[in-house]
Amino acid sequence: MRVGAVCARPPLFEISTRADVGDRRADAPRRGDLAMKILLSTTSRREALAAGAAFLLAVVPSPPPALAVGEELAALAPAPVIGSRIDLLLRPKVRPLPRRAMDLNFSVTLMRTSYQVADALDFVPMDKFQKDFFNVRQAEWKPYKDALPGISQGELTDPAYFDFISYAQYTTLAQNMRDGQLNFVELIDANGTAVPVSRDRRYSDNAKLPAEHSERVGRIVLDALVAKYPRIAPAVPRVPTAASLLEGVQKISNIFEINDYMLAATLKQTDGGFEWTLAAPATLWGQQVLALHRDFDGGAAGNAFEVKVALAYLRQCSVPATVTSSYSANQVTHRFAFPPNLVL
């Protein structure tokens, strides 16, 4: 909380309505590899993208997971130092994927909420956070751009750029959470005005900051999506069942797909939970690198925004869940597990 003069924080922005989803999809620029260019030359763009999504989800056999996150990850060696030779060798390759342009308001919601929650938790001066964020972007941008020559810096509607910038944001968050401060002085304007800040002692344990941050981001984003899409938003069942929970998460998946966060997704019930597979999600590369660095173990999800929102929904239904994730070159599968005998 702020001690002394407090700088008013901007309110969470409102997402604009999307009555023009179909038109925007048809007109939005696409970035893809050669295979998608061939598809686009022989059929409509919408049909080609649908074919590409089906190709990624069903036709191409997925290789063994490049990385497993969750319980399986705990058995691996200690996380490599960011930027070290072994880190760069272990990272997944940056790959061009056939993707649609994301909805700008949706992508800004995810990034801005992540920033505002960090500000509210008061573990780092936000002027320091901005400097660290800049340094991470500077250090990481060139090799990423070299792998994707057509990428444009600052284009949040481009999933490839969103992958990079959200990874950089969560890397910066992780670094500052590890060294989280309890008391500090924060600059709040260009005139050098500074205010003392003291962290709420309920969140004094730095090790618990990633999970707290993830829960808050998931809850705020879920509330924003429910407010924007009341007709298709997930409902909280009176008595949660496996079927009703799956229906709720399916609606979350639909909203993410409407906003072109991924090309397509499949959801299926499993014994004691469900599996959610996303084709070419906007944070596919970043999720894997953050998992490699081990900064968001224990369900904190890193920049896997879909996981944050799904877990927030399950918490609203009074159903806790654990999540493990596995990756291939073009998709991620999240496996949600409920406590035994909790859900019928």
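For the structure, check the block above.
Reference entry: report on the structure contained in this document. Keep in mind that this is a model prediction, so the values were computed, not measured. Per-chain numbering applies: the sequence of each chain, read as written, is numbered from 1 onward. Per-residue local features are limited, in this predicted model, to residues with pLDDT of at least 70; the limit for side-chain atom pairs, both in listing and counting, is 80 or more; totals at the level of whole chains, interfaces and linings are taken over all residues. Side-chain measures here rest on the full set of heavy atoms in the structure, leaving out hydrogens and waters.

The way it works is that DSSP assigns letters per residue, a run of H or I at least four long becomes a helix, a run of E at least two long becomes a strand, and they are numbered from the N terminus. Along the chain, the regular secondary structure elements total 11 helices and 7 strands. Relative accessible area decides the class of each residue, using a 1.4 Å probe on protein chains only: under 20% of the type maximum gives buried, over 50% gives exposed, and in between gives partly exposed. Taken across its 344 residues, the chain has 50% of its residues classed as buried. Partitioning the intrachain contacts of the chain with sequence separation of at least 6 by distance along the chain shows that 71% fall at a separation of at least 24. Counting only carbon and sulfur atoms, one obtains 57% of the accessible surface of the chain, whose full area is about 16,400 Å². We call two residues contacting when some pair of their heavy atoms lies within 4.5 Å. Residue burial considers only the protein chains on display, and all accessible areas are found by Shrake-Rupley using a 1.4 Å probe.

Here the focus is unusual backbone geometry. Not every positive phi belongs to a glycine, and Asp260 is a case in point at roughly 60°. On the accessibility criterion, Asp260 (3% relative accessible area) is buried. Here Asn341, not a glycine, exhibits a phi torsion of approximately 65°, which is positive. As for its position among the elements, Asn341 is in the segment after β7 (331-337).

A word on the packing of aromatic side chains. Each aromatic pair joins two rings of Phe, Tyr and Trp (for Trp, the six-membered one) with centres within 6.5 Å, and gets the label stacked for planes under 30 degrees apart, edge-to-face for over 60, and tilted for any other angle. Counting across every chain of the model gives 15 aromatic pairs. Ring plane angle 65° and centroid distance 5.8 Å describe the contact between Tyr115 and Phe129, whose orientation is recorded as edge-to-face. Linking Tyr115 in helix α5 (residues 104-121) with Phe129 in helix α6 (residues 126-147), this pair joins segments that are 14 residues apart in sequence. With a centroid separation of 5.9 Å and 40° between ring planes, the pair formed by Phe129 and Phe133 is classed as tilted. Here the residue Phe129 and the residue Phe133 both occupy positions in helix α6, the gap between them amounting to 4 residues, near one helical turn.

Attention now goes to helix α8 (residues 209-228). Spanning 20 residues, α8 covers 29 Å between terminal C-alpha atoms, matching the ideal 28 Å at 1.5 Å per step. Residues Leu209, Pro210, Glu212, His213, Ser214, Arg216, Val217, Gly218, Val221, Leu222, Leu225 and Lys228 constitute the buried set of α8. The length a helix should cover is 1.5 Å for every residue beyond the first.

Attention now goes to the nonpolar core. For this analysis, a nonpolar core means a set of buried residues of the types Ala, Val, Leu, Ile, Met, Phe, Trp, Tyr and Cys, connected via side-chain atoms within 4.5 Å. Counting 78 residues, the largest nonpolar core has Tyr144, Phe256, Tyr261, Phe274, Trp276 and Phe336 as its most contacted members. Here the element with the most residues in this core is helix α7 (residues 159-178); it accounts for 11 residues. Once residues within four sequence positions are removed from consideration, Phe336 is found in contact with Thr270, Gly272, Gly273, Phe274, Trp276, Val307, Ala310, Leu311, Leu314, Thr322 and Val323.

Moving on, we come to the pairing of strand β4 (residues 264-270). Paired strands are those between which DSSP finds at least two bridges. Across 7 bridges, the pairing between β4 and strand β5 (residues 273-279) is antiparallel. Across the sheet, residue Ala265 finds its bridge partner in β5, namely Leu278. Connecting β4 to the next strand, β5, in antiparallel fashion are 2 residues, including Gly272 with a positive phi near 90°.

This brings us to helix α9 (residues 242-258). Taking 1.5 Å per residue, 17 residues should reach 24 Å; α9 reaches 24 Å between its end C-alpha atoms and fits that length. Every buried residue of α9 is accounted for by Ala242, Ser244, Leu245, Leu246, Gly248, Val249, Ile252, Ser253, Ile255 and Phe256. Where α9 is buried, its residues contact α5, α8, β4, β5 and α11 (305-316). Downstream of α9 by one or two residues, Asp260 has phi in the positive range, about 60°.

Looking now at the pairing of β5. Consecutive side chains along a regular strand alternate between the two faces of the sheet. Burial within β5 is extensive, with 7 of its 7 residues counted as buried. Residue alternation in β5 divides its side chains into two sets, Gly273, Glu275, Thr277 and Ala279 and Phe274, Trp276 and Leu278, and both sets are buried. Of the strand pairs in this sheet, β5 and β7 are connected by 7 bridges, and their pairing is antiparallel. Opposite Thr277, over in β7, you have Thr333 as the bridge partner.

Turning next to the packing of α7 against α8. For the pair α7 and α8, interaxial distance at closest approach is 10 Å and the crossing angle is 140°. In terms of orientation, α7 and α8 fall into the oblique class. Residues Tyr170, Leu173 and Met177 of α7 pack against Leu209, Pro210, His213 and Val217 of α8. When the residues that make up the contact of α7 with α8 are grouped by side-chain class, the tally is 6 nonpolar, 1 polar and no charged. Here an angle of 0 to 180 degrees is reported between the N-to-C directions of two axes, which are lines fitted to C-alpha atoms, with helices fitted over the stretch in contact. Roughly parallel refers to an angle under 35 degrees, roughly antiparallel to one over 145, roughly perpendicular to one between 65 and 115, and oblique to any angle outside these ranges. Put simply, Ala, Val, Leu, Ile, Met, Phe, Trp, Tyr, Cys and Pro go in the nonpolar bin, Asp, Glu, Lys and Arg in the charged bin, and everything else, Gly too, in the polar bin.

Keep in mind these values describe shape, not function.
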